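Summary of the model geometry
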Amino acid sequence: MTPRRIPFLSLVPVEDRDAVNAAIDRVVSRGWFVLGPEVEAFESELAAAMGAAHGVGVGSGTDALSLILRALDIGPGDEVITTALSAAYTALAIVMAGARPVFADVDPARLTIDPASVEHAVGPRTRAILPVHLYGQAADMAAIQPIADRHHLAVIEDCCQAHLATADGRPVGTIGVAGAFSFYPTKNLGALGDGGAVVTNDPALADRIKRLRNGGQTDRYRHVEAGVNSRLDEIQAAILRSRLPRLPAWTDRRRRLAAAYRARLADAPVHAIPERDSGHVYHLFVVRSDARSDLQAHLAASGIETLIHYPVPVPQQPAFRTASPADCPAAARACSEVISLPLHPAMSTDDVNDVAAALLAFRPATGRTACVR
Ligand SMILES: *Cc1c(COP(=O)(O)O)cnc(C)c1O
């Protein structure tokens, strides 16, 4: 019998298909495709949903990060401390702004940036700390913000995996000076293409980013600085407006599926990343195994698709190898052990049960228990 296939996620709109099509139709009929009423409305609706005063739509999450840095005049000659465990785009955004990424190691359990390692990485050129709310769980902001205050550094939050997440009850993106969101299709709030946004409580910063995203123009054909072309499309903004009201329910669903995984996997030969903050929004459900490649092959044979977030610490990527000599043992170990299980709002509890059953049936070839900590 061929097992039922459980995909990692599914991006075809189902429950919101009519709403998405109506949003697209509205924009097509209006004939206004760049920086129009949909983007303007989405910016205020997003800001309200995320508990921030201002929202600015941009072309991607990477651009959102890079434009925050540029708007803070962080660039050539400056250093920005970020985590060794993230999508490489976090560090690429720092390079795009002209600054140099300096990598801190991660907390060995929670896998977000380790505040002690951040403190150690601060130097005379450091201008900002860029924590990532990894897998949907907030970084340890209560420990990071005092370090930033002590050294007069800006905190810029990478919220690309953390739509609606909170840190000790505070919405992510509003704790530091600004937060960057991505609407890449696989994110908790996804467009049907690329998109991103900045949220901030600082009106001057929001205005500067609005100028930078639009070529540095103040008025039409008056470029006061060399900005970029990084605008959120009207069609994507309209789609995101149709989806934003559903995000709380989708987030609840992710949390329930994650709780079901935790309950079912208590005796499995894997170790789930601990939930240190109940504001976790479960962009990913990640477990660790010291027999990861065998486990991934076993799950694939059972029809279960998994992914690795991430196989290599960012400082060990060829693109960054010279960026920092920092050695990040906790990130390196995580990269050899983590495996992301299927999790998306359209998934059923039966799917979770089947994934858990396959995990419980896994016997590491070497007989190791595969449990870490
Ligand atoms: C997706 C992601 C990004 C980049 O967002 P894009 O919209 O793809 O540019 C940056 N950081 C993290 C943590 C991400 O998950």
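Fair warning: this is a prediction, and the values are worked out from it, not measured in the lab.

**What about the domain arrangement of the protein chain?**
Annotation of the protein chain at the domain level lists domain 1 (16-244) and domain 2 (246-361). Taking only C-alpha atoms, the centre of domain 1 and the centre of domain 2 are 24 Å apart. At the junction of the two partners, domain 1 supplies 42 residues and domain 2 supplies 37 residues. Counting the surface lost from both domain 1 and domain 2, the interface buries some 3,300 Å², and carbon and sulfur atoms represent 61% of this. Counting across the interface, domain 1 meets domain 2 through 0 salt bridges.

**Some points on the site of the ligand**
Near the ligand lie 14 residues; those nearest to it are Gly61, Thr62, Asp158, Ser182 and Lys187. Between an oxygen atom of the ligand and a main-chain N or O atom of Gly61, the distance comes to 2.8 Å. Here an oxygen atom of the ligand and a side-chain polar atom of Thr62 are 2.5 Å apart. About the coverage of the ligand: the protein hides 93% of its 380 Å² of free accessible area.

**Re helix α3 (residues 61-71)**
Of all 11 residues in α3, 10 are buried, a share of seventy percent or more. For α3, every residue scored as buried is listed here: Gly61, Thr62, Asp63, Ala64, Leu65, Ser66, Leu67, Ile68, Leu69 and Ala71. Here α3 starts with a cap whose side-chain oxygen sits 3.4 Å from the backbone nitrogen of Thr62, and that cap is Ser60. Of the residues flanking the end of α3, it is Asp73, one or two places downstream, whose phi is positive at about 60°.

**Re the sheet that holds strand β13 (residues 285-288)**
The sheet built from 3 strands is open, its strands ordered β12-β13-β14 with antiparallel pairing. A single partner strand is all that each edge strand has here, and the edge strands are β12 (271-272) and β14 (338-341). Strand direction decides the pairing type here: β13 and β14, joined by 4 bridges, are antiparallel. Bridge assignment links Phe285 to a residue of β14, and that residue is Leu341.

**Things to note about the side chain of Ser182**
By the element assignment, Ser182 lies in strand β8 (residues 178-182). Owing to a relative accessible area of 6%, Ser182 belongs among the buried residues under this scheme. A polar side-chain atom of Ser182 sits 3.1 Å from the main-chain amide nitrogen of Tyr184. When residues no more than four places from it in sequence are discounted, the contact partners of Ser182 are Gly61, Cys160, His163, Lys187, Leu189, Gly195 and Gly196.

**Regarding the pairing of strand β9 (residues 196-200)**
Most of β9 sits inside the fold, with 5 of its 5 residues counted as buried. Note that β8 and β9 share 4 bridges and pair antiparallel. Note on β9: the bridge partner recorded for Ala180 is Val198.

**Here's the deal with the side chain of Arg288**
Considering the arrangement of structural elements, one finds Arg288 in strand β13. Within the structure, the side chain of Arg288 is placed 2.9 Å from the side chain of Glu337, a separation counted as a polar contact.

**A closer look at the nonpolar core**
One finds Leu85, Leu111, Tyr135, Tyr261, Leu265, Phe285 and Leu341 to be the most contacted residues of the largest nonpolar core, which totals 49 residues. Secondary-structure elements contributing two or more residues to this core are α9 (247-264), β13, α10 (292-301), α11 (329-337), β14 and α12 (349-360). In terms of residues, this core owes the most to one element, α12, which gives 5 residues. Here this core spans two domains, and each of domain 1 (16-244) and domain 2 (246-361) adds at least three residues to it.

**Digging into a nonpolar patch on the surface**
Among the surface-exposed residues, Val28, Phe33 and Val34 lie close enough to one another that they form a single nonpolar patch of about 250 Å² accessible area. With respect to the element layout, Val34 can be found in the loop between α1 (17-30) and α2 (37-50). Among the residues examined, Val34 registers a relative accessible area of 40% and is labelled partly exposed.

**Considerations on the environment of His344**
By secondary structure assignment, the location of His344 is in the loop between β14 and α12. Taking C-alpha positions, His344 is 13 Å from Pro248, a pair spaced 96 residues apart along the chain. When residues no more than four places from it in sequence are discounted, the contact partners of His344 are Pro7, Phe8, Leu9, Ser10, Arg254 and Leu257.

Scoring rules and cut-offs
- Residues numbered from 1 in each chain as written.
- Predicted model: local features only at pLDDT ≥ 70, side-chain atom pairs only at ≥ 80, totals over all residues.
- Heavy atoms only, no water.
- Domains from an automatic or database assignment.
- Contact = heavy atoms within 4.5 Å.
- Buried area = accessible area lost by both parts, 1.4 Å probe.
- Salt bridge = Lys/Arg side-chain N within 4 Å of Asp/Glu carboxyl O.
- Near = heavy atom within 4 Å.
- Polar contact = N/O pair within 3.5 Å; in protein donor to acceptor, adjacent residues only side chain to side chain.
- Areas by Shrake-Rupley, 256 points an atom, 1.4 Å probe, with all protein chains shown as cover.
- Buried < 20%, exposed > 50% of the residue type's maximum accessible area, 1.4 Å probe, protein only.
- Helix = DSSP H or I, 4+ residues; strand = E, 2+ residues; numbered from the N terminus.
- Pairing = 2+ DSSP bridges.
- Core = buried A, V, L, I, M, F, W, Y, C linked by side-chain atoms within 4.5 Å.
- Patch = residues over 30% accessible without salt bridge, like charges linked within 9 Å, V, L, I, M, F, W, Y side chains within 5 Å.

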